[in-house]
Amino acid sequence: MTEREGRGIREDPIERLHDARRREKRMTLFYRALAAAAEDDGRPEDSQRLNELHADEQHHLSRLTARLLELGAPPESLRELARPDVDLGRWEDDARQREASEVAYYREWLDAGIDDDETREVVEEILESEVHHHRNLGGKWMPAT
């Protein structure tokens with residue numbers, strides 16, 4: 001077993017892209033649930049921030065999906081992923097923890113090495129966005145490309 005396998009890193013780039021898509025889908029569900037809760041609670045500033053975070057995470061999901069398609073791999077269905085229960089009162093703490101996990105995930109992927117330049121660029125772009133999310137708990141960090 002290699003050191004990377006021992007840390008649980010998937011060596012197959014297609015499987016890693018599928019794994020990243022699942023992670024991003026969970027993040028979209030998390031932020032959408034929080035944005036809806038903020039809307040229901042009459043908290044427009046929080047709702048706006050959460051919708052912006054949701055939009056960035058949705059963009060990450062789209063970029064990973066597009067990369068899979070470019071590599072000739074059909075994306076897996078993510079319909080089975082359920083909307084999480086959220087606590088609007090502690091959303092910032094929960095979001096910061098989740099974003100820290102995302103930053104670590106993408107850094108580890110880059111540190112493990114990505115042989116494909118186009119996939120590496122996508123991962124680097126997503127990591128940059130996740131770092132901003134973790135630091136600022138705000139969105140609109142993704143370019144429109």
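Coordinates for the structure precede this section.
Residues numbered from 1 in each chain as written. Predicted model: local features only at pLDDT ≥ 70, side-chain atom pairs only at ≥ 80, totals over all residues. Heavy atoms only, no water.

Novice: Can you tell me about the environment of Asp56, naming the residues and giving the values?
Specialist: With respect to the helices and strands, the residue Asp56 is situated in helix α3 (residues 44–70). Spatially, the C-alpha atoms of Asp56 and Glu24 are 9.8 Å apart, while their sequence positions differ by 32 residues. (Helix = DSSP H or I, 4+ residues; strand = E, 2+ residues; numbered from the N terminus.)

Novice: If you had to explain helix α5 (residues 117–136) to someone new, which residues and values would you point to?
Specialist: Here α5 contains 20 residues, and its C-alpha end-to-end distance of 29 Å stays within 8% of the 28 Å for a straight helix at 1.5 Å per residue. Taken together, the buried positions of α5 are occupied by Thr119, Val122, Val123, Glu125, Ile126, Leu127, Ser129, Glu130, Val131, His132 and His133. Along its buried surface, α5 packs onto α2 (13–40), α3 and α4 (91–112). Positive phi shows up at Leu137, right after α5, with a value of about 45°. (Expected span 1.5 Å × (residues − 1). Buried < 20%, exposed > 50% of the residue type's maximum accessible area, 1.4 Å probe, protein only. Contact = heavy atoms within 4.5 Å.)

Novice: How would you sum up α3? Please name residues and give values.
Specialist: For α3, spanning 27 residues, the distance from its first C-alpha to its last is 38 Å, which sits close to the expected 39 Å at 1.5 Å a residue. Backbone geometry just after α3 places Gly72 at a positive phi near 80°.

Novice: Run through the packing of α4 against α5, naming residues and quoting values.
Specialist: Relative to each other, α4 and α5 sit at 155°, their axes nearing to 9 Å. By the angle between their axes, α4 is roughly antiparallel relative to α5. Every pair of crossing elements has a handedness; the one defined by α4 and α5 is left-handed. Together, Arg96, Glu99, Ala100, Glu102, Val103, Tyr106, Arg107, Trp109 and Leu110 of α4 and Thr119, Arg120, Val123, Glu124, Ile126, Leu127, Glu130, Val131, His133, His134, Arg135 and Asn136 of α5 make up the contact between the two elements. Residue composition of the contact of α4 with α5, grouped by class: nine nonpolar, four polar and eight charged. (Axes fitted to C-alpha atoms, helices over the stretch in contact; angles between N-to-C directions. Parallel < 35°, antiparallel > 145°, perpendicular 65-115°, else oblique. Left-handed = near helix turned anticlockwise from the far one by under 90°. Nonpolar A, V, L, I, M, F, W, Y, C, P; charged D, E, K, R; others polar.)

Novice: Can you lay out the packing of α3 against α5 for me, pointing to particular residues and giving the numbers?
Specialist: Viewed as axis vectors pointing N to C, α3 and α5 meet at an angle of 165°, and their least axial separation amounts to 11 Å. The angle between α3 and α5 places the two elements in the roughly antiparallel class. Where α3 crosses over α5, the handedness of that crossing is left-handed. Contacts from Arg49, Leu53, Asp56, Glu57, His59, His60, Arg63, Leu64, Arg67 and Glu70 of α3 reach α5 at Glu118, Thr119, Val122, Glu125, Ile126, Ser129, Glu130, His133 and Asn136. In terms of residue class, the contact of α3 with α5 is built from four nonpolar, six polar and nine charged.

Novice: Provide a residue-level description of unusual backbone geometry, including the pertinent values.
Specialist: Phi is positive for Leu137, which is not a glycine, with a value near 45°. Position of Leu137 relative to the elements: it lies in the segment after α5. The class of Leu137 is buried, set by a relative accessible area of 1%.

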